[in-house]
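If you want the building blocks of each chain, they are given just below.
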Amino acid sequence: MTRNTYELFENYMLSCMKDSAHDKEHIYRVLYLALEIAQTEPDADMDVLICACLLHDIGRQAQFADPKINHAQAGAGMAYRFLLEHQFPDAYAQQVHDCILSHRFRKSTPPKSIEAKILFDADKIDVCGAAGIARTLLYQGHTKEPLYSLLPDGTVSDGTHDTAPSFFREYKYKLEHIYNHFYTAKGAALAKQRQQAAADFYQSLYSEISADYKDGKERLSACIDENGRAFPDVP
């Protein structure tokens, strides 16, 4: 890939990236991880891989504007049209399209080519470990989702049985189990290195918040007059 071609793709990506959890730095991290994985996959087409990595999240703003839109599907179409407009071969544009279409964590469109599998793995590694926790919290702050929810008895839910969105639910529903869903050996190994950091953060946060509620409610109860007067000396 020439420098001019790389900058063409990069500049298009930069014009599309807006939110903090899926910003340009996420794109660069995914690209760098993909290049590391590709060192163990000699059949990978680097021109396809680099382009797909740079453009894989360009459909994010469309999804933010309308949550019914699948950003992978939207981004795949945007990338395909962009490449054809700039006179790249249809076969190349289609390969990039297919990589972007299948990078999302969905069973309906699993990655098929080695380039698509590398992109999928690199993108998922950036949801693992400390970086994944930080990005999840950034995203949920953007969408105004809470850290946790309460159970009917007033205790803090660990997220296992939640139906409403929260950080604890996202961890239990997705982040905790993502380590079993990689397509390359290198991708799985890189993710495994990050797993304990995410588990430790979740457990520490849950323990701290649970203790706050348990101890805090007990202390508050001791301060309240059970006869209904919080200030017994006030007439």
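If you're wondering where the values come from, they're calculated on a predicted model, not measured in any experiment. (Residues numbered from 1 in each chain as written. Predicted model: local features only at pLDDT ≥ 70, side-chain atom pairs only at ≥ 80, totals over all residues. Heavy atoms only, no water.)

Asks: Looking at this structure, how should I read the overall build of the chain?
Replies: Along the backbone of the chain there are ten helices and zero strands. Starting at the N terminus and ending at the C terminus, the chain contains elements arranged as α-α-α-α-α-α-α-α-α-α. Summarising its shape, the C-alpha atoms of the chain cover approximately 85 × 35 × 30 Å along the three principal directions. Counting all 235 residues of the chain, 40% fall into the buried class. Contacts spanning at least 24 positions in sequence make up 64% of the contacts within the chain whose residues lie at least 6 apart. (Helix = DSSP H or I, 4+ residues; strand = E, 2+ residues; numbered from the N terminus. Buried < 20%, exposed > 50% of the residue type's maximum accessible area, 1.4 Å probe, protein only. Contact = heavy atoms within 4.5 Å.)

Asks: Looking at this model, I keep getting lost on the packing of helix H5 (residues 71–85) against helix H6 (residues 90–101). Mind explaining?
Replies: Axis angle and axis distance: for two packed helices, these are the angle between their axes and the distance between the axes, and together they describe the pair. Between H5 and H6, the shortest axis-to-axis distance is 8 Å and the interhelical angle comes to 165 degrees. Taken as axis vectors, H5 and H6 run roughly antiparallel relative to one another. For the pair H5 and H6, the sense of crossing is right-handed. Of the residues in H6, those touching H5 at Ala72, Gln73, Gly75, Ala76, Gly77, Ala79, Tyr80, Leu83 and Leu84 are Asp90, Tyr92, Ala93, Gln94, Val96, His97, Ile100 and Leu101. Looking at the contact of H5 with H6, its residues break down into eleven nonpolar, five polar and one charged. (Axes fitted to C-alpha atoms, helices over the stretch in contact; angles between N-to-C directions. Parallel < 35°, antiparallel > 145°, perpendicular 65-115°, else oblique. Left-handed = near helix turned anticlockwise from the far one by under 90°. Nonpolar A, V, L, I, M, F, W, Y, C, P; charged D, E, K, R; others polar.)

Asks: It is not clear to me how the packing of aromatic side chains should be interpreted in this structure. Could you clarify?
Replies: Aromatic ring pairs: the centre-centre distance and the angle between the two ring planes describe each pair. On inspection of all chains with the given rule, the structure shows 13 aromatic pairs. An aromatic cluster is present here, built from Tyr148, Phe167, Phe168, Tyr171, Phe201, Tyr202, Tyr206 and Tyr213 joined pairwise through their rings. The ring of Phe120 has Lys124 sitting right over it, with the charged end atom 4.4 Å from the ring centre. Taking the ring centre of Tyr173 as reference, the NZ or CZ of Arg169 above it sits at 5.1 Å. (Phe/Tyr/Trp six-rings, centres within 6.5 Å; stacked < 30°, edge-to-face > 60°. Lys NZ or Arg CZ within 6 Å of the ring centre and 35° of its normal.)

Asks: Explain the environment of His86 here, please?
Replies: Looking at the secondary structure, you find His86 in the loop between H5 and H6. Separated by 72 residues in sequence, His86 and Asp158 place their C-alpha atoms 50 Å apart. For His86, the side chain forms a polar contact with the main-chain oxygen of Phe82, separated by 2.9 Å. (Polar contact = N/O pair within 3.5 Å; in protein donor to acceptor, adjacent residues only side chain to side chain.)

Asks: Help me understand the pattern of salt bridges in this model?
Replies: Between side chains of opposite charge, a pair can form when the charged atoms approach closely. Counted according to the given criterion, the structure contains eight salt bridges. One salt bridge in this structure joins Glu25 and Lys24, with 2.5 Å as the shortest N-O distance. Note on Glu25: relative accessible area 34%, which makes it partly exposed. Among the salt bridges present, the one from Arg29 reaches Asp126, with a minimum N-O distance of 2.8 Å. With a gap of 97 residues between them, Arg29 in helix H2 (residues 24–38) and Asp126 in the loop between helix H7 (114–125) and helix H8 (129–142) connect regions that are remote in the sequence. Assessed through its relative accessible area of 1%, Asp126 is described here as buried. Taken together, the shared-partner salt bridges in this structure form one network comprising Arg29, Asp126 and Arg135. (Salt bridge = Lys/Arg side-chain N within 4 Å of Asp/Glu carboxyl O.)

Asks: Teacher, can you tell me more about the packing of helix H1 (residues 3–16) against helix H3 (residues 46–55) here?
Replies: Viewed as axis vectors pointing N to C, H1 and H3 meet at an angle of 15 degrees, and their least axial separation amounts to 9 Å. In terms of orientation, H1 and H3 fall into the roughly parallel class. By crossing handedness, the relation of H1 to H3 is classed as right-handed. On H3, the residues that touch Tyr6, Phe9, Glu10, Tyr12 and Met13 of H1 are Ile50, Cys51, Leu54 and Leu55. Looking at the contact of H1 with H3, its residues break down into eight nonpolar, no polar and one charged.

Asks: I keep staring at the side chain of Ser102 and nothing clicks. Help me out?
Replies: In this fold, Ser102 is placed in the loop between H6 and H7. Using a relative accessible area of 4% as the deciding quantity, one classes Ser102 as buried.

Asks: Just checking my understanding: could you explain the side chain of His56 for this structure?
Replies: Mapped onto the secondary structure, His56 falls in the loop between H3 and helix H4 (60–65). A relative accessible area of 0% means that His56 is categorised as buried. At 2.7 Å, the side chain of His56 forms a polar contact with the backbone oxygen of Cys53. Reaching out from His56, the side chain makes a polar contact with the side chain of Asp123 at a distance of 3.2 Å. Apart from the residues lying within four places of it in its own chain, the contact partners of His56 are His26, Ile27, Val30, His71, Ile100, His103, Leu119 and Asp123.

In short, geometric facts, not functional conclusions.
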